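# Notes for the structure review
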Amino acid sequence: MIDDPVLVEDWHPVARVEDLHGGGPVGVRLLGEDIVVWRSGDRFHAWRDLCVHRGTRLSLGHVVGGDRLECPYHGWTYGEDGRCVLMPAHPEQAPPAKACVTVYRARSDYGVVWVTLGSGAKDLPRFELLDDPGHRVLKAGPYRVRASAPRVVENFLDVGHFPFVHEGILGDRSRPEIAEYDAVVSADGVLATGVKVYQPDPYATGQGSTVTYTYRVHRPLSASFIKHGDHSFGMLLSVTPHEAVDSSAWMWMAMNYEPESDMVDFQDRIFAQDRPILESQRPELLPLDLQAELHLRSDRTAIAYRRWLRQLGVRTGAA
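Residues numbered from 1 in each chain as written. Predicted model: local features only at pLDDT ≥ 70, side-chain atom pairs only at ≥ 80, totals over all residues. Heavy atoms only, no water.

On to the packing of aromatic side chains, then. Pairs of aromatic rings are described using the distance from one ring centre to the other and the angle between the two planes. With the rule as written, the count across this model stands at 12 aromatic pairs. A centroid spacing of 6.0 Å and a plane angle of 55° characterise the contact between tyrosine 110 and tryptophan 252, whose relative ring orientation is tilted. Linking tyrosine 110 in the loop between β9 (103-109) and β10 (112-116) with tryptophan 252 in strand β17 (residues 246-255), this pair joins segments that are 142 residues apart in sequence. With relative accessibility at 14%, the residue tyrosine 110 sits in the buried group. According to the relative accessible area criterion, tryptophan 252 is buried, its value standing at 1%. Here the aromatic rings of tyrosine 213 and phenylalanine 225 are separated by 5.1 Å at their centres, their planes lie at 75°, and the arrangement is edge-to-face. Of this pair, tyrosine 213 sits in strand β14 (residues 209-219) while phenylalanine 225 sits in strand β15 (residues 222-228); the two residues are 12 residues apart in sequence, bridging distant segments of the chain. (Phe/Tyr/Trp six-rings, centres within 6.5 Å; stacked < 30°, edge-to-face > 60°. Helix = DSSP H or I, 4+ residues; strand = E, 2+ residues; numbered from the N terminus. Buried < 20%, exposed > 50% of the residue type's maximum accessible area, 1.4 Å probe, protein only.)

Right, let's talk about the environment of cysteine 100 for a bit. Turning to its location among the elements, cysteine 100 is positioned in the loop between β8 (84-86) and β9. With 15 residues separating them in the primary sequence, cysteine 100 and valine 85 have C-alpha atoms 9.4 Å apart.

It is worth spelling out the sheet that holds β9 at this point. Spatial strand order, β1-β10-β9-β4-β3-β2: 6 strands in an open sheet with antiparallel pairing. The open sheet has two edge strands, β1 (12-16) and β2 (26-30), and neither has a second partner. Neighbour to neighbour, the strand axes of the sheet diverge by 35° on average, direction disregarded. Note: strand β4 (residues 43-48) against β9, 2 bridges, orientation antiparallel. For tryptophan 47, the partnering residue across the bridge sits in β9 and is valine 103. (Pairing = 2+ DSSP bridges. Axes fitted to C-alpha atoms, helices over the stretch in contact; angles between N-to-C directions.)

What follows covers the packing of helix α2 (residues 149-157) against helix α5 (residues 300-312). Running from amino to carboxyl end, α2 crosses α5 at an angle of 150°, the nearest separation of the two axes being 9 Å. When the interaxial angle is binned, α2 and α5 end up roughly antiparallel. Like other packed secondary-structure pairs, α2 and α5 cross with a definite hand, here right-handed. Each of Pro150, Arg151, Val153, Glu154 and Leu157 in α2 lies in contact with α5, whose residues at this interface are Thr301, Ala302, Tyr305, Arg306 and Leu309. Residues belonging to the contact of α2 with α5 are distributed by class as follows: 6 nonpolar, 1 polar and 3 charged. (Parallel < 35°, antiparallel > 145°, perpendicular 65-115°, else oblique. Left-handed = near helix turned anticlockwise from the far one by under 90°. Contact = heavy atoms within 4.5 Å. Nonpolar A, V, L, I, M, F, W, Y, C, P; charged D, E, K, R; others polar.)

Let us look at the nonpolar core. Ranked by size, the top nonpolar core spans 67 residues in total, and within it Ile35, Tyr215 and Phe233 carry the most contacts. Beyond its immediate chain neighbours, meaning those up to four positions away, isoleucine 35 contacts Val26, Gly27, Val28, Leu30, Ala46, Trp47, Asp49, Tyr104, Val115 and Leu117. Of all hydrophobic cores here, the second largest spans 14 residues; its members include Leu58, Val63, Cys84 and Val101. (Core = buried A, V, L, I, M, F, W, Y, C linked by side-chain atoms within 4.5 Å.)

Within the secondary structure, valine 145 is located in strand β11 (residues 136-145). Sequence separation between valine 145 and serine 248 is 103 residues, and the spatial gap between their C-alpha atoms is 6.1 Å. When sequence neighbours within four positions are dropped, the list of residues in contact with valine 145 reads Val152, Asp246, Ser247, Phe271, Arg275, Leu278 and Glu279.

So, about the pairing of β10. If a strand is regular, its side chains alternate between the two faces of the sheet. Of all 5 residues making up β10, 5 are buried, and the element is well covered by its neighbours. Side chains of β10 alternate between two faces, with Val112, Trp114 and Thr116 and Val113 and Val115 buried alike. Taken together, the 4 bridges between β1 and β10 define a ladder with antiparallel strand orientation. Each bridged residue has a counterpart across the sheet, and for alanine 15 the counterpart in β10 is valine 113. Inspection of the sheet shows β9 paired to β10 by 5 bridges, in the antiparallel sense. The partner of aspartate 109 across the bridge, within β10, is valine 112.

What follows is the structure, given as structure tokens:
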């Protein structure tokens with residue numbers, strides 16, 4: 001496991017609930033740890049993906065009886081608490097107390113399974129528009145990218161790249177100016193208000209306008225924005241750190257109107273434009289030393305984000 005107490009204590013999205021139809025199991029990787037995720041009824045489980053008998057991946061096994069996980073190698077079977085309950089080669093023998101897998105905490109919300117490798121004391125990142133029944137919610141991704149998770153979050157917070165990376169969609173290179181705005185750091189994260197940018201089609205309705213954003217960073221790897229304008233639209237991003245430079249971006253869009261185009265397809269196109277930029281950035285790890293790269297006034301949100309990560313002591317994906 002990667003040594004990062006801050007991210008170990010946080011919750012991370014690892015699988016779609018629909019991926020666990022029939023119980024699973026599904027193998028995932030989080031902070032350098034191989035994990036098997038499976039389901040028994042309404043309960044979700046996350047264990048180290050390792051049978052304690054001969055080290056086989058439990059994610060290659062099967063859910064049996066609806067509430068037990070069977071290893072594919074010798075059929076060792078584990079109950080919901082992670083303890084072995086059956087060794088088929090010796091069915092009459094009670095499994096030893098040491099025959100127990102490492103158990104982590106898992107729960108579901110927003111249509112995905114979240115896992116923490118820590119105590120579970122924190123709550124999941126929340127975004128008010130996703131919890132508002134007046135808003136339609138769509139899930140996009142996950143998008144796998146060979147980039148550090150903090151680089152992905154910072155890209156999400158950056159409106160200055162819209163006119164160039166997303167020209168004709170989220171920005172116009174003939175109108176690239178970013179007006180003054182405020183960005184502050186608090187114990188709760190980062191808040192940027194009054195972020196304005198001209199967009200040719202900000203709501204996928206075919207109409208252009210200058211849009212004002214409010215950005216929030218809720219957790220080291222979870223952030224959101226709300227667009228203030230003709231419609232109510234917002235997005236929550238949460239990035240899963242598989243390794244220091246290997247991530248998956250999960251996105252939820254919330255809107256109180258009916259767009260003219262497929263919004264998931266729209267977001268697929270946007271991230272496809274972001275991916276080569278993210279994978280090209282050097283250094284690969286996000287520099288938390290503000291002297292390491294050059295900054296402008298329009299980078300205030302990114303500067304605040306880097307300061308906050310440094311205050312927290314985040315290690316993974318940051319330098």
